[in-house]
Amino acid sequence: MATTVWKGHLTFGLISMPVRMFAAARGERISFNQLHKECHSRLKQPLFCPVCNRNVERSEIVKGYEYEKDQYVLFSEEEMDKIEPASAKVMEILEFVKLSEMDPLYFDSSYYISPEDAGVKAYQLLMKDMEESGYGAIAKLTMHQREHIVIVRPGTRGMTLHTMFYSNEIRAAESVPTDKIELKDQEKKLAQQLIESLAAPFDPQKYRDEYQENLKAMIAAKLKGQQVTEVAQPHLAPVIDLMEALKKSLAEKQAPAARPAAVSPAEVAQVSAGKKPPTRAVQPVAVAQKRAGKKAAG
Ligand SMILES: [Zn+2]
């Protein structure tokens with residue numbers, strides 16, 4: 001079972017439901033240094049105090065924030081608990097916003113929310129209503145010594161929560177000179193046609209890290225003493241005539257040229273299982289060939 005990262009109540013007006021949160025993905029955060037309570041020295045792994053010249057127990061650790069070089073202000077666990085806002089235990093829904101209005105730029109880490117037995121019905125009610133109305137819930141949540149603003153939204157299997165960046169954490173984008181360029185109707189029409197021809201339902205399962213797959217295949221090939229061949233790289237010509245490029249792209253889309261086949265997972269499996277020697281070696285990147293080629297050949 002997944003590790004619970006937060007446990008408490010999600011409240012919605014006077015309705016309260018006990019929930020648990022599980023990480024769906026995770027980001028980085030600042031942490032405290034660990035000091036010896038007795039002399040405030042920075043501890044090393046294993047927890048050893050270089051000033052007291054002895055190993056230190058967990059119970060002897062105190063949290064310190066380094067405000068100047070070698071200068072710390074101290075915090076005990078009790079003090080840390082004392083300043084916890086109400087959102088450490090209760091995630092109160094403050095307002096509902098249309099999900100379509102939200103910029104994904106604000107999303108940070110993603111979590112799943114599960115109801116405890118006592119909260120199943122309220123959870124279902126809230127989720128269904130949000131699904132039908134297109135609303136997401138904005139709430140506050142204290143976790144890992146930070147109070148986050150979060151968005152709770154209906155997911156495919158239960159509710160999903162995203163911690164959000166505060167607006168002061170979002171950087172300004174570099175300006176793009178979009179309004180100075182004049183677009184012809186014909187260019188817009190062709191571009192629209194090209195977009196339509198590439199349109200597909202969102203299916204994240206079909207995207208793979210081909211570099212990692214090629215690496216695995218390369219390892220398998222090397223273990224078998226096979227040569228590593230180069231992957232054909234696409235040739236990118238600079239766009240001189242936008243209209244010509246659009247027309248060509250559409251024509252290619254209608255009659256797709258035979259692309260160089262990538263290594264399929266099935267082939268990789270064959271290489272690693274050693275069932276059938278592949279007719280051609282795998283196709284990892286050119287750089288790998290340059291570095292590894294000599295070794296493999298020698
Ligand atoms: Zn010490």
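The structure this text deals with has already been given above.
Residues numbered from 1 in each chain as written. Predicted model: local features only at pLDDT ≥ 70, side-chain atom pairs only at ≥ 80, totals over all residues. Heavy atoms only, no water.

Enquirer: Would you take a moment to explain the overall build of the chain for this structure?
Expert: On a plain count of helices and strands, the chain comes out with 7 helices and 12 strands. When the 298 residues of the chain are sorted by exposure, 29% land in the buried category. Of the contacts made within the chain by residues no fewer than 6 positions apart, 63% connect residues no fewer than 24 positions apart. (Helix = DSSP H or I, 4+ residues; strand = E, 2+ residues; numbered from the N terminus. Buried < 20%, exposed > 50% of the residue type's maximum accessible area, 1.4 Å probe, protein only. Contact = heavy atoms within 4.5 Å.)

Enquirer: Would you mind going over the environment of methionine 21 with me for this structure?
Expert: Mapped onto the fold, methionine 21 is located in strand S2 (residues 15–23). C-alpha of methionine 21 to C-alpha of tyrosine 112: the two residues are 91 residues apart in sequence and 5.6 Å apart in space. Here methionine 21 is in contact with Thr3, Thr4, Val5, Trp6, Met91, Tyr111, Tyr112, Ile113, Leu141, Met143 and Leu161, once residues within four sequence places are set aside.

Enquirer: What's the story with the coordination of the zinc ion in this structure? I'm lost.
Expert: Around a metal, the ideal angle is 109.5 degrees if four donors adopt a tetrahedral arrangement and 90 or 180 degrees if six donors adopt an octahedral arrangement. Looking at the zinc ion, the protein donor atoms are His36 (ND1), Cys39 (SG), Cys49 (SG) and Cys52 (SG), and they sit 2.0 to 2.3 Å from it. Taken together, the 4 donor atoms coordinating the zinc ion and their angles of 96 to 121° define a geometry best described as tetrahedral. (Donors = N, O, S within 2.8 Å, 3.2 Å for Na, K, Ca; no water. Tetrahedral: all angles 85-135°; square planar, octahedral: opposite > 155°, others 65-115°.)

Enquirer: Where do I start with the sheet that holds strand S9 (residues 107–115) in this structure?
Expert: The pairing of strands in a sheet comes from backbone hydrogen bonds and takes either a parallel or an antiparallel form. Spatially, 7 strands are ordered S1-S2-S9-S12-S11-S10-S8 in a closed barrel, and the strand pairing comes out mixed. Strand-to-strand, the axes of this sheet are offset by a mean angle of 40°, without reference to chain direction. (Pairing = 2+ DSSP bridges. Axes fitted to C-alpha atoms, helices over the stretch in contact; angles between N-to-C directions.)

Enquirer: Teacher, can you tell me more about the sheet that holds strand S7 (residues 71–75) here?
Expert: With respect to topology, 3 strands assemble into an open sheet ordered S3-S6-S7, the strand pairing being antiparallel. A single partner strand is all that each edge strand has here, and the edge strands are strand S3 (33–36) and S7. The sheet shows a mean angle of 55° between the axes of neighbouring strands, direction not considered.

Enquirer: Would you mind going over unusual backbone geometry with me for this structure?
Expert: You will see that histidine 40, though not glycine, has its phi angle at about 65°, which is positive. Following the sequence through the fold, histidine 40 ends up in the loop between S3 and strand S4 (48–49). Positioned with a positive phi, glutamine 145 is a non-glycine residue whose angle comes to about 60°. The exposure class assigned to glutamine 145 is partly exposed, which follows from its relative accessible area of 46%.

Enquirer: Is there a simple way to think about a nonpolar patch on the surface in this case?
Expert: On the surface, a cluster of nonpolar side chains totalling about 310 Å² of accessible area is made up of Tyr65, Tyr67 and Val73. Its place among the elements puts tyrosine 67 in strand S6 (residues 61–68). Accessibility expressed as a relative area gives 46% for tyrosine 67, which makes it partly exposed. (Patch = residues over 30% accessible without salt bridge, like charges linked within 9 Å, V, L, I, M, F, W, Y side chains within 5 Å. Areas by Shrake-Rupley, 256 points an atom, 1.4 Å probe, with all protein chains shown as cover. Salt bridge = Lys/Arg side-chain N within 4 Å of Asp/Glu carboxyl O.)

Enquirer: Looking at this structure, I do not really get helix H4 (residues 210–223). What am I missing?
Expert: Residue pairs spaced three or four apart in an α-helix point in one direction, given the helix's 3.6 residues per turn. Spanning 14 residues, H4 covers 20 Å between terminal C-alpha atoms, matching the ideal 20 Å at 1.5 Å per step. Three or more residues of H4 are buried, namely Glu213, Asn214, Ala217, Met218, Ala220 and Ala221. For H4, the angular spread of the buried residues around the axis is 165°, confining them to a single face. Structural note: H4 exposes Lys216 and Leu223 on the side pointing more than 90 degrees away from its buried face. Residue glycine 225 follows H4 closely and has a positive phi angle near 75°. (Expected span 1.5 Å × (residues − 1). Arc of directions from axis to C-beta.)

Enquirer: Can you help me understand helix H2 (residues 120–133) in this one?
Expert: If you check H2, its first and last C-alpha atoms are 20 Å apart, about what 14 residues at 1.5 Å a residue would give, namely 20 Å. For H2, the set of buried residues is Ala122, Tyr123, Leu126, Met127 and Met130. Projected down its long axis, H2 carries its buried residues within an arc of 130°, all on one side. Counted as exposed and oriented over 90 degrees from the buried face of H2: Lys121 and Glu132. After H2 finishes, the residue glycine 134 shows a positive phi value of roughly 80°.

Enquirer: What am I meant to see in the nonpolar core here?
Expert: Across soluble globular proteins, nonpolar side chains have a tendency to be buried as a group. Membership of the largest hydrophobic core comes to 23 residues, with the highest contact counts inside it found for Met21, Met91, Val152 and Leu161. For this core, the secondary-structure elements that each account for two or more residues are strand S1 (4–12), S2, strand S8 (90–98), S9, H2, strand S10 (135–143), strand S11 (146–155) and strand S12 (158–164). It is H2 that contributes the most residues to this core, 5 residues altogether. Beyond its immediate stretch of four places on either side in the chain, methionine 91 contacts Trp6, His9, Leu10, Thr11, Val19, Met21, Ala139, Lys140, Leu141, Val150, Val152 and Leu161. (Core = buried A, V, L, I, M, F, W, Y, C linked by side-chain atoms within 4.5 Å.)

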